[in-house]
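# Architecture at a glance
Below, each chain spelled out in residue letters.
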Amino acid sequence: MMIQAQQMMSDLKKLGSITSSRDIQQLTYAMFPGTHCPLMGAAMAVRGIQKAVLLVIGTDECAYYTKHMTLHSEEFGGVQGRCVSAVLDTRDVTFGCKEKLDAAVAELMEEYQPPAVFLVTTCVVEIIGDDMDAMAQMYTKQYGIPFLSVHTEHFKCENHLPGIERTMSACFEMMRPQEKNNTVNILGQRMGRFETTELYRILTESGIKIGMQLPCGCSVEEIIQAPSAGVNLVLDETALPLARKMKEAFGTPYIRFERFIDPQRIWEAYQMLFDALQRELPPQLEENYKKAQKCVEQVKEKLFGIGYIYGNTPFHCLELNAFLCRIGMIPQLIQTAQIEPEQEKDYLQEILSKTNPYVTKSANIAPLQSLYDVLHPHLYLGHEYPARLRKKGMAVMRCDAASSMLGFEVTEFMLSQLANATEEAHQYRKEVGLR
């Protein structure tokens, strides 16, 4: 087992030799639990658009997967929900699906009378080559409402995130020029509720109104009027293509305000936001900044030299790892599906100035477990079974609660969690005879 683990590690590349996402290798050809289909991402995004209908076009397996995944939301995925499907058979695959799609669209228009319909393709539609973009344009003219095509072929995607990105980008087709005001659009809030965040409190206490929130909750009318906002706040990189389109077409500036952990990065994002809005920074922000910096200084000694494996978290992967390197922690292996060396070179340089971790594709936790006895990290950042890690002298640091955080509150939460997990790891390492 040890020899097998060492062989797997020898096949992996280190961060310093990654020149594109294609260089990121997986530990084994079979991946478990594996990644989610982009169809899931599209469903997650359309669910947040009030009264919009998601029409899945594909096999019965695709229809079942999407419906089953969304059943917890009665309004969207339930029996009478807005998630519907046109199931293709062998005849449709052979001769094309337009005839079946015509009937399905007519039925859903009569039953739902939606303000917009998202035509979501799946792998089989992309393989047979039906022109869903042309069909969407035809239905838009025929029914007088937006029909938007979203391509979610899994054989070209690493995970579900392209489904979210393409759904948000498709919404651009509904937007129309508007007179500008001083509201702020929220783009890319995928997890948690924006209303619970520090960023939301700062904006509302400063008298700044929130405009469209995509995909975390908005109406079709709000999407149409989205260009009236003074600024787009991009909370996740899946929203960048839409933000760039809106800037080019409507002149709407955008500010990246992702779930950063570095107090300096957060401070700069706040400054750019309030500069764009031509507002003075609230005095409270400087207090929060100093408090976050103090938290960093307080935990540096405790976290120095602590090795970890980076898994799936709600954070920007390299931004988080660069910050942890700066305070003395050691990433031994980073799991990710994507690295963009040109766009992320500052983060890469900071990590590589301290260490050169292994890199592997995410969502392959089963074979990863054999590496624990080779790397002997203190922590696992992400999702793993605590009892299993304890037997290896490791502690898990869960980050999911940060999904409802943005701003300096992220720094304080993460450092507290890291400190607590490190104390647990020291105890577990003693139990198994590790130093």
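## Brief notes about the state of the cysteines
Counting across every chain of the model gives zero disulfides. With no disulfide of its own, C97 lies 13 Å from the sulfur of C62, the closest cysteine sulfur. C97 gets classed as buried once you look at its relative accessible area, which sits at 1%. Between C171, a free cysteine, and C218, which holds the nearest cysteine sulfur, the sulfur-to-sulfur gap is 6.7 Å.

## Digging into the packing of helix α14 (residues 283–303) against helix α20 (residues 408–432)
At a minimum axis separation of 9 Å, α14 and α20 run at an interaxial angle of 15 degrees. Relative to α20, the element α14 lies roughly parallel. Every pair of crossing elements has a handedness; the one defined by α14 and α20 is left-handed. Together, L285, N288, Y289, K291, A292, C295, V296, V299, K302 and L303 of α14 and F408, T411, E412, L415, L418, A419, T422 and E423 of α20 make up the contact between the two elements. Classifying every residue of the contact of α14 with α20 by side-chain character gives eleven nonpolar, three polar and four charged.

## So, the sheet that holds strand β10 (residues 307–310)
Pairing within the open sheet is mixed, and its six strands lie in the order β1-β12-β11-β10-β13-β14. The two strands at the open ends of the sheet, each matched to only one other strand, are β1 (13–14) and β14 (395–397).

## With respect to the packing of aromatic side chains
Evaluation of the coordinates by the stated rule reveals nine aromatic pairs. Ring centres 5.8 Å apart and planes at 45 degrees place the aromatic pair F172 and F250 in the tilted group. Residue F172 is found in the loop between α9 (161–170) and β6 (184–187), and its partner F250 is found in helix α12 (residues 240–250); the two are separated by 78 residues along the sequence. On the basis of relative accessible area, F250 is assigned to the buried category, the value being 17%. Following the ring pairs from residue to residue traces out a cluster consisting of F257, W267, Y270, Y289 and F408. The ring of Y358 carries K14 above its face, with NZ or CZ at 4.8 Å from the centroid. Geometry around F260 places R265 over its ring, the cationic atom sitting 4.4 Å from the centre.

## What to know about the sheet that holds strand β5 (residues 147–151)
A sheet is described by the order of its strands in space; here four strands give the open sequence β3-β2-β4-β5, paired in parallel fashion. Of all the strands in the sheet, the pair left with one neighbour each is β3 (83–87) and β5. The mean inter-strand angle of the sheet, taken between neighbouring strand axes irrespective of direction, is 25 degrees. On top of the sheet, helix α2 (residues 38–47) reaches β2 (53–58), β4 (117–121) and β5; it is set at about 165 degrees to β2, its chief contact. The strands touched by helix α8 (residues 132–143) within the sheet are β2, β4 and β5, with β5 carrying the most contacts at an inclination of about 165 degrees.

## So, the nonpolar core
Of all hydrophobic cores here, the largest spans 68 residues; its most connected members are L199, L233 and L379. The leading source of residues in this core is α20, at ten residues. Once you skip the residues sitting within four places of it in the chain, L379 turns out to touch I306, G307, Y308, I309, M329, M394, A395, L418, A421, T422 and A425. Listed in part, the 40 residues of the second largest apolar core include L148, M168, M174 and I223.

## A word on the pattern of salt bridges
For the structure shown, the criterion picks out 17 salt bridges. Note that R190 is salt-bridged to D236, the shortest N-O span being 3.4 Å. Pair noted here: R190 is in the loop between β6 and α10 (198–205) and D236 is in the loop between β8 (231–234) and α12, with a separation of 46 residues, a long-range link. Of the residues examined, R190 reaches a relative accessible area of 24% and is grouped as partly exposed. Of the residues examined, D236 reaches a relative accessible area of 16% and is grouped as buried. Of the charged contacts, one joins E350 and R326 as a salt bridge, the two residues approaching to 2.5 Å between their closest N and O atoms. Of this pair, E350 sits in helix α16 (residues 345–352) while R326 is found in helix α15 (residues 317–326), placing the two residues 24 residues apart along the sequence.

Conventions used here
- Residues numbered from 1 in each chain as written.
- Predicted model: local features only at pLDDT ≥ 70, side-chain atom pairs only at ≥ 80, totals over all residues.
- Heavy atoms only, no water.
- Disulfide = S-S within 2.5 Å.
- Buried < 20%, exposed > 50% of the residue type's maximum accessible area, 1.4 Å probe, protein only.
- Axes fitted to C-alpha atoms, helices over the stretch in contact; angles between N-to-C directions.
- Helix = DSSP H or I, 4+ residues; strand = E, 2+ residues; numbered from the N terminus.
- Parallel < 35°, antiparallel > 145°, perpendicular 65-115°, else oblique.
- Left-handed = near helix turned anticlockwise from the far one by under 90°.
- Contact = heavy atoms within 4.5 Å.
- Nonpolar A, V, L, I, M, F, W, Y, C, P; charged D, E, K, R; others polar.
- Pairing = 2+ DSSP bridges.
- Phe/Tyr/Trp six-rings, centres within 6.5 Å; stacked < 30°, edge-to-face > 60°.
- Lys NZ or Arg CZ within 6 Å of the ring centre and 35° of its normal.
- Core = buried A, V, L, I, M, F, W, Y, C linked by side-chain atoms within 4.5 Å.
- Salt bridge = Lys/Arg side-chain N within 4 Å of Asp/Glu carboxyl O.

Honestly, that's just the spatial picture; any functional story needs more than this.
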